[in-house]
Structures are given as C-alpha cells and as structure tokens.
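# Commentary on secondary and tertiary structure
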Amino acid sequence: MGLHKSLPPTVLSILIWVTSLTAQIEYSGFADILYNHDLSDDGVSGFSYGQFEVDLSAAVMEGVTFEGALAYNADDGVFEAGAGFFDIQLLGSDSDVDHDGLIKQSGLMIGQFDVPFGIDYLQIPSPDRLLVSGPLLNQKTIDGWNDVGLNLYGELSFLNFNLFAVNGWQNGFALGGRLGLPVGDLLELGASFSTQTTENDTGATPNILGLDLQAKLGSITTRLEYQQANAIEEGNVDALTNTHEHKGYYLEVDLDLEPALNLPLFAVGRYGGWKMDEDDMERITAGLGYRVVEVFQLRVEYLSDSDTEGEKQNIITVQTVISF
C-alpha cells in the first residue's frame, strides 16, 4: 500500500514556480585553447586556456530577463561571476506607450556587466573577436572594464545610447556613457565619456574620453577607436593612485572571404599606438581564421610589440574556439 501525503499549498506553488522557471533557462557557452610561441631567444611557449565561459538566461516575467555568466579565471583556477544582471525592457517597438515609433527599444540593466565604453567591449568574448588578442589601447587603459551598477540603454530612430553608473574605484561612482550616431546602414560614429565622482589619492579626478567609428562595406568591416585618459594606472582602471595621462588609438580591418568567394576564411589586421607620459608603444597584429563549422573556428595570429626603449615582442598564437 503506497503512502501519499499532500504538500502544503505554499510549498507546492513554490515548486511549480521553480520548475517552470528552470524549464525556461537557456544555457550556452564557449571555450578556447591557445598555443603561444614567443619568437624571442628566451621566449616561453606552451598551451593555455584563453577563455572558458558558461552563460545562462531566463525570462523572469514579461519584459524582464536575467542573464549571467560564469567565467574561468586561469590565474586562480576557479570559476567566478563574469556577468549577472536583470534586463528590464522599457519603451520600444512592442510598447503601447510609444505610438510614433521614435524609440525602437530601451531598457535598464541592473547588476554586473561589461561597461559600454567605446566599441571593443562588444568583442570581449572569444567567439566575437576575430583576432586572438585585444587592442593595445584598451589593454593599457580600461582593459575589459567589468563592473556592478546600472546601465540605461536605448535605440532611437537617429541615435543609440548607453548611460551607466557603476561602482568605479576608490569611494565614489564612475558615471558615463556612449552615444552612437548611425549614418545610413554603413557607418556609425560614437563618443564615450566617463568620470569619477571622487578624486583619487593624488587629488586628481579620473576622466576617460573616447571616440570611435565603425563601417561595413560588403565583406570589409573597419573599426577605429581613440581614447584619452588621466589619473589611471597603466592597464588598470581600479588602480587610481597617480596622475598619468594616456592617449592612443587603433585601426582594425576585417575581411570575410565567405560572402564573396564562398570560402569559410577571414583575415584581420590591426595597428595601434599608445602613449603614457614619455612612454610610447605600438602594436601590429595580423590574423587568419578558418570556420570549420558554425560553432568551431581555428585561428592563427602574429603579434608584434615595440616601444621607445627598443623592447620588442613577437608572438605567434594558434587558437581553437568552440561555442555550445
């Protein structure tokens, strides 16, 4: 004889809600493995992880979604939060309030996310970046800025915008945003700015100014970005203990051979320069990639760095990238 007990209504409701929410969770992710070969006499070669990330998203309720990411930290050998935010849809094409269609979409992100400064933050995940390495400019300044706070975003018929307030550094907040101006379907101009609400230890107020351009013509995509910053430690927006002044730029050209020649190949070239006080540095990067299948790519990259002191670095990297 079986034993049957009825669950309390509250517990049953919670179980039903959790079950329904779990069923709506969507999982994805990506990983890449690198082989680096330093061409210098005393260079080190070997295999390593590039990125390893597991992403999830879920519809919490109508107009509200949650997105999160667990990213592998190769230095510590552990997974940690790479992102975790609620995305609350506001006015847009599906809204009954916006009858004239001025606002195509808008929303508010609350939580941890890649800060929308410039355009390189859109290519931080390895499947989205055709080159293995990021621009020298961003490496030396904001360096993949990821923070906790708010981001109000929107797309109008004539521009798009992001306005953020994040924890920043020291005891204050970092406030800023980016405005993008599309010119037809081929070109977009952008301007970004960030400032800190408190001074750093030297009494300086950290500010970052950025200008960017994106253009697409057939199989060719061009990206140009310039940044100027002060009171930021080299390569670390969190280490604001000095009054260093930065400025730099990069130009990147991507060529996709698949549309024109029906070949699953792409080629990328980037040149960048960076200057801090009296230090100058430049980087030349060239890459070639092969799309084995839609979710699996092989890439090879040549990177050459040089500076005013005559220091040079030449590295060849082979990367495998898989999405799931």
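Here's a quick rundown of the structure. Just so it is clear, the model here is predicted, and its values are computed rather than measured.

## Describing the overall build of the protein chain
When you go through the protein chain residue by residue, the secondary structure sums to 3 helices and 16 strands. Sorting the 324 residues of the protein chain into buried and exposed places 37% on the buried side. Contacts in the protein chain between residues at least 24 apart in sequence constitute 49% of all its contacts with a sequence separation of at least 6. Roughly 17,900 Å² of accessible area belongs to the protein chain as shown, and the carbon and sulfur atoms make up 60% of that amount.

## Quick notes on unusual backbone geometry
Phi at Asp143 is positive, roughly 50°, even though this residue is not glycine. Along the chain, the position of Asp143 falls in the loop between helix 2 (136–140) and strand 6 (146–156). At Asn262, a position not held by glycine, the phi torsion is positive, near 60°. The topology assignment puts Asn262 in the loop between helix 3 (258–261) and strand 13 (265–276).

## Digging into the pattern of salt bridges
As a working rule, side chains carrying opposite charge can pair if their charged atoms are close by. Counting across every chain of the model gives 10 salt bridges. In this structure, Asp212 engages Arg178 in a salt bridge whose closest nitrogen and oxygen atoms are separated by 2.8 Å. Taken together, the residues span a long stretch of sequence, with Asp212 in strand 10 (residues 207–217) and Arg178 in strand 8 (residues 174–183) at a distance of 34 residues. Among the charged side chains, a network of salt bridges with common partners joins Arg223, Glu252, Asp254 and Arg270.

## A word on a nonpolar patch on the surface
Together, Ile220, Leu224, Tyr249, Leu251, Val253, Leu255, Tyr271 and Ile284 line one region of the surface with nonpolar side chains, adding up to about 620 Å² of accessible area. For the nonpolar patch, the secondary structure elements donating two or more residues are strand 11 (220–230) and strand 12 (245–256). Top element by residues in the nonpolar patch is strand 12. It accounts for 4 residues. On the secondary structure map, Tyr249 appears in strand 12.

## Considering the environment of Arg299
By the secondary structure assignment, Arg299 is in strand 15 (residues 296–307). Since its relative accessible area comes to 3%, Arg299 is described here as buried. Residues Arg299 and Val132, spaced 167 residues apart in sequence, show a C-alpha to C-alpha distance of 7.7 Å. Ignoring sequence-local partners within four residues, the contact set of Arg299 consists of Ser126, Pro127, Arg129, Leu130, Leu131, Phe266, Leu288, Gly289, Thr317, Val318, Gln319 and Val321. Polar contacts involving the side chain of Arg299 include one to the main-chain carbonyl oxygen of Ser126, which spans 2.9 Å. At 2.6 Å, the side chain of Arg299 and the backbone oxygen of Arg129 are in polar contact.

Rules behind the numbers
Residues numbered from 1 in each chain as written. Predicted model: local features only at pLDDT ≥ 70, side-chain atom pairs only at ≥ 80, totals over all residues. Heavy atoms only, no water. Helix = DSSP H or I, 4+ residues; strand = E, 2+ residues; numbered from the N terminus. Buried < 20%, exposed > 50% of the residue type's maximum accessible area, 1.4 Å probe, protein only. Contact = heavy atoms within 4.5 Å. Areas by Shrake-Rupley, 256 points an atom, 1.4 Å probe, with all protein chains shown as cover. Salt bridge = Lys/Arg side-chain N within 4 Å of Asp/Glu carboxyl O. Patch = residues over 30% accessible without salt bridge, like charges linked within 9 Å, V, L, I, M, F, W, Y side chains within 5 Å. Polar contact = N/O pair within 3.5 Å; in protein donor to acceptor, adjacent residues only side chain to side chain.

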